[in-house]
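Given next are the chains, with one letter for each unit.
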Amino acid sequence: MKKPPVPLLQNGVRADGRLPDQMREVKISVGVVSNADGSAMVSYGATTAVAAVYGPREMHPRHLSLPDRGVMRVRYHMAPFSTKDERKSPTPSRREIEISKVLREALEPAVLLEQYPRSRIDVFIEIIQADGSTRVASLTAASLALADAGIYMRDLVVGVSVGLVDGVVVLDLNGLEDNYGEGDLPVGYMPNLKRFVLLQLDGAWKREVFLQALNLAVKGAEYVYQIARDALKNKYMSIAEEIYGR
Amino acid sequence: MYFVTPRQLIFPGDVIATADKKVEGPVYLDNGRYRSLVVGLVEFREDSVVIVPLEGTYRPKKGDVVVGYVTDVLATGWEVDVRSFMPAYLPVSEALHKHVDLETTPLTTFLNVGDVIVAKVKDVDLTDEYPIVLTLREEKVGKVESGTVVDIAPVKIPRVIGKKGTMLNTLLELGCDIVVGQNGRIWIKCGDPRDEVFLASLIRKIELESHVMGLTDRVKSEIEKYKESKQK
Amino acid sequence: MASVSPYARRFISYLRREQIKRLAASKNRVDGRALDQTREIEIKTGVVKTADGSAEVKLGKTHVIAGVKVGLGQPFPDAPDEGVLVVSAEVLPHASPYTEVGPPDESAIELARVVDRGIRHCGYVDFKKLAVEGGKAYVLWVDLYIINDDGNLVDAANLASVAALKNTQLPAVVKDESGAVKLDRNNKSPLPLETSKVPVAVSVGKIANVLFLDPNFEEELSLDGRVTFTISEDRIVAAQKTLGYFTQPELEAALDLAIKGRDRYLEALKSILGSS
């Protein structure tokens, strides 16, 4: 095990002052890209993801469209300046290609693609600043951007990460904990339907730890979900008022 | 049993009612409960609850009046952009009242790429190659030869019409023809082309400031002011 | 570059899919297997003489070859005293009528990365013993070749990787006249492994809310969900949901089923890994 520059956990408090089951500050705003059909910006601490959705729109080239449902295209990408150390090459890495795939497969159970035959829905996610848990912040942003675009969804999808630090299960890993901890479990969760749509584990965890981590992930997702709802309310309350008056 | 209150703002996945209730709009049934598919508002009607989406591309319904642009000429009809997720289809049989011999008459003599039409949605069937079929064989529809088209977000269309048509009636005081397409396109034609420019800017104002209180009154006074300035 | 919903060329008739669903609902399968039963497993090692280690796995009709080439290179900056593992996967155009010629697509990349994560953290390969003097390290290039795809590539590829690593002979490191280190392929010793910690990837499929092991090709086209757990001793060393969704009780049940499947795969690996 690599030795961290500072202790990750001391007397039950994490290096950044959080308790094990505590999220970093979560900031969410909806409708941040005016040209897009839907958009959202999500920050978990210093990690910031911006998602923009275009569509449903006509599929080009047309032969790639599906007769019975829409096609979803998801791109997760990190800005060259988003990482702490060297500049990240803008060419998509194998990691980014894999994450784009798991994010697409996490969003597809939520989106009613069969309502949009022969068309496509584009979801573009950019990590502006990375400090751990980028893929789960991306997932929250993407699902809010889809809802903001008015695309039919069974539920919102909220992403949170859970990790193991000095043998303790902790919520929302930052970059330090991600690098020096004992593994991480990024999770995507539908809070109303109680379904897991993203699940990856990188570590060496016993069964009990895994199950404990799932419980904490649900707790974290429900917390972020309330903030996501508030962000949607922020944008849509005024629109509701304009239709019905106050 | 209902889980919502009138005018409540709801989000995807929110429970609306048990399956025995009548619920309309973008909803789905999961384990005996209706849930919302969109960010929307709850409206209680006489015998049902309706979910009104607050965002999204235009989803055509049978009977909607739409303003479309012809984008392609096909073998037996036209492809028309109606700002939905798919182009709509206008078959020859729905465009012309009399029989035409397609072997001798090119379709472009009737409608060509770039033409603007006001049409009615005849049918929506997601399993079709063209899920949206239009018709011109109705009253007050057809090719548009003049005037101008203003694009706004489809969800703002109710605001342009206003409660019981108040806003639209206010706009009609200018004496122009106005056709409000449910797809967020509004066709306007005035005797004086300067009026068209003014009316278009008013409609965009309604879109942008639709959350402002007393907008109808403000629009009314803008029209008065404009009329006065013209008389000078 | 973006991840796109796959084109529906991987075709299964509606009738067949409904049959698979009906069968699953009554806990039966198209090929007559029990829910917790894998297909026949055949593992051979040393099948490619030009490689430093190799193995061939047949899981039913799914056929994978893994080749290991050992090189010398720079260790990762955050682990300067450890060897390096690089897993790549290529689904050959031979593998199915649905495979195209070209660089590895997102599925192949995901496959390689899931296998990689399983091996990396479990202690099966003793990476500490793969550091070389002069700031260099052994690099283990594991290349996975999918010859025939009849479903469940992850489990088969993982078995092929661990078997090929067991078969790997590490060339000695020697110094040339200028003092630079290089590999001597005439002088080899077995790759240092802890065979009791072998990682085993087990994929669990879900159709009609019923969970089962080792989905075949047709079942894959009918899945409502799929999750892979890689297990080493009493630990989960990697997990990946690759399709659909799972509830929490389903995930727990899937994990328990995966532990059962692990024992089945371990049985098949027994003759390869030896008794140690």
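One numbering rule holds for all chains: residues counted from 1, following each sequence as written. Here the convention is simple: chains get letters from A, ligands get numbers from 1, in the order in which they are written. Selection of residues for local features in this predicted model requires a pLDDT of at least 70, selection of side-chain atom pairs for listing and counting requires 80 or more, and totals for whole chains, interfaces and linings are taken over all residues. Side-chain numbers come from the whole structure's heavy atoms, not from hydrogens or water.

### What about the interface of chain C and chain A?
Across the boundary between the two partners, chain C contributes 41 residues, which contact 44 residues of chain A. Across the pair Glu98 of chain A and Arg117 of chain C runs a salt bridge, and its minimum N-O distance is 2.7 Å. Pairs of N or O atoms are called polar contacts if they sit within 3.5 Å, as long as, within protein, a hydrogen donor faces a hydrogen acceptor (for residues adjacent in sequence, only side-chain-to-side-chain pairs). Across the chain C-chain A interface, the total number found is 25 residue pairs in polar contact (both at pLDDT 80 or more). Secondary structure elements with two or more residues in the side of chain C that touches chain A: β1 (3-4), β5 (84-91), α2 (106-120), β12 (225-232), β13 (235-244) and α5 (248-273) of chain C. It is β13 of chain C that contributes the most residues to the side of chain C that touches chain A, ten residues altogether. Across the side of chain C that touches chain A, the residue classes break down as 21 nonpolar, ten polar and ten charged. Residue contacts are counted whenever heavy atoms from the two residues lie within 4.5 Å of one another. Any Lys or Arg side-chain nitrogen found within 4 Å of a carboxyl oxygen on Asp or Glu counts as a salt bridge. Starting at the N terminus, helices and strands are each numbered in turn, a helix being any DSSP run of H or I of at least four residues and a strand any DSSP run of E of at least two. Each residue gets one of three labels, nonpolar for Ala, Val, Leu, Ile, Met, Phe, Trp, Tyr, Cys and Pro, charged for Asp, Glu, Lys and Arg, and polar for the others, Gly among them.

### Observations concerning the environment of Ala137 of chain A
Residues and elements named next belong to chain A. Considering the arrangement of structural elements, one finds Ala137 in helix α2 (residues 134-148). Any residue under 20% of the maximum accessible area for its type is buried, any over 50% is exposed, and the rest in between are partly exposed; the area is computed with a 1.4 Å probe on protein chains only. With relative accessibility at 0%, the residue Ala137 sits in the buried group. For Ala137 and Ile28, which are 109 residues apart along the polypeptide, the C-alpha to C-alpha distance reads 10.0 Å.

### Here we look at a negative patch on the surface
On the surface, Asp123, Asp125, Asp128 and Glu129 of chain B cluster together to form a negatively charged patch. As for its position among the elements, Asp123 of chain B is in strand β11 (residues 116-124). Excluding any residue in a salt bridge, patches collect residues exceeding 30% relative accessible area, merging like charges within 9 Å and nonpolar Val, Leu, Ile, Met, Phe, Trp and Tyr side chains within 5 Å. All accessible areas in this document rest on Shrake-Rupley with a 1.4 Å probe, and a residue is counted as covered only by the protein chains that are shown. When charges are counted, Lys and Arg are positive and Asp and Glu negative, with His and the chain ends excluded. Positions of charges follow a simple convention, taking NZ of Lys, CZ of Arg, CG of Asp or CD of Glu.

### What about the pattern of salt bridges?
Applying the stated rule across the entire model yields 59 salt bridges over all chains. A salt bridge links Arg185 of chain B to Asp151 of chain B, with the shortest nitrogen-to-oxygen separation between them at 3.6 Å. Residue Arg185 of chain B is located in strand β16 (residues 185-189), and its partner Asp151 of chain B is located in strand β14 (residues 148-151); the two are separated by 34 residues in the primary sequence. Residue Arg185 of chain B is classed as buried on the basis of its relative accessible area of 2%. What emerges from the salt-bridge pattern is a single network uniting Arg14, Asp16, Arg18, Arg24, Asp131, Asp172 and Glu177 of chain A.

### Digging into the arrangement of the chains
The pair of protein chains exhibiting the most contacts, out of two pairs of chains in contact, is chains A and C. Separating chain B from chain C is a minimum C-alpha gap of 14 Å, and the two share no contact.

### Remarks on the interface of chain B and chain A
Counting residues at the interface gives 36 residues for chain B and 40 residues for chain A. Put simply, buried area is the surface a 1.4 Å probe can reach on two separate parts but cannot reach once they are joined, added for both. Here chain B packs against chain A, burying approximately 3,400 Å² in sum over the two surfaces, 60% of which is carbon and sulfur. It is Phe11, Glu55 and Phe85 of chain B that lose the most area in chain B upon contact with chain A, and together they represent 17% of the buried surface on that side. With a closest N to O distance of 2.8 Å, Arg229 of chain A and Asp14 of chain B form a salt bridge. Taken together, the links from chain B to chain A amount to eight residue pairs in polar contact (both at pLDDT 80 or more).

### Concerning the UniProt feature "domain: S1 motif" (unreviewed entry) in chain B
UniProt positions are given in the numbering used here, feature names are shortened, and annotations may be inferred rather than shown by experiment. Under the present numbering, the feature "domain: S1 motif" (unreviewed entry) in UniProt falls on residues 63-137 of chain B. Annotation note: span residues 63-137 of chain B, helix share 5%, strand share 41%, distance between end C-alpha atoms 12 Å.

### Side note on the packing of helix α1 (residues 94-107) of chain A against α2 of chain A
Residues and elements named next belong to chain A. The contact between α1 and α2 brings their axes to 11 Å, and the two run at 45°. Classified by the angle their axes make, α1 and α2 are oblique. The hand of the α1/α2 crossing is right-handed. Judged by residue contacts, Arg95, Ile99, Leu103, Ala106 and Leu107 of α1 engage Thr134, Arg135, Ser138, Leu139, Ala142, Ser143 and Leu146 from α2. Classifying every residue of the contact of α1 with α2 gives seven nonpolar, three polar and two charged. Angles shown run from 0 to 180 degrees and are taken between the N-to-C directions of axes, each axis being a line fitted to C-alpha atoms and, for helices, limited to the stretch in contact. To sort the angles, those under 35 degrees are grouped as roughly parallel, those over 145 as roughly antiparallel, those from 65 to 115 as roughly perpendicular, and the leftovers as oblique. Left-handed describes a crossing whose near helix is turned anticlockwise from the far helix through less than a right angle; right-handed describes the clockwise counterpart.

### Some remarks on the packing of aromatic side chains
Any two of the Phe, Tyr and Trp rings considered here, Trp counted by its six-membered ring, make a pair once their centres fall within 6.5 Å; the pair's planes then place it as stacked at under 30 degrees, edge-to-face at over 60, or tilted in between. Enumeration over the complete set of coordinates arrives at eight aromatic pairs over all chains. Ring geometry for Tyr116 of chain A against Tyr152 of chain A: centres 6.1 Å apart, planes inclined by 65°, an arrangement best described as edge-to-face. Of this pair, Tyr116 of chain A sits in the loop between α1 and β7 (119-129) while Tyr152 of chain A sits in the loop between α2 and β8 (158-165), placing them 36 residues apart in sequence. Taken individually, Tyr116 of chain A and Tyr152 of chain A each receive the classification buried, so the pair is uniform in this respect. Here the aromatic rings of Tyr2 of chain B and Phe44 of chain B are separated by 5.3 Å at their centres, their planes lie at 70°, and the arrangement is edge-to-face. With Tyr2 of chain B in the segment before β1 (9-10) and Phe44 of chain B in strand β6 (residues 40-44), this pair connects stretches of sequence that are 42 residues apart. Classification of Tyr2 of chain B by relative accessible area gives partly exposed; the value is 30%. Judged by its relative accessible area of 35%, Phe44 of chain B falls in the partly exposed class.

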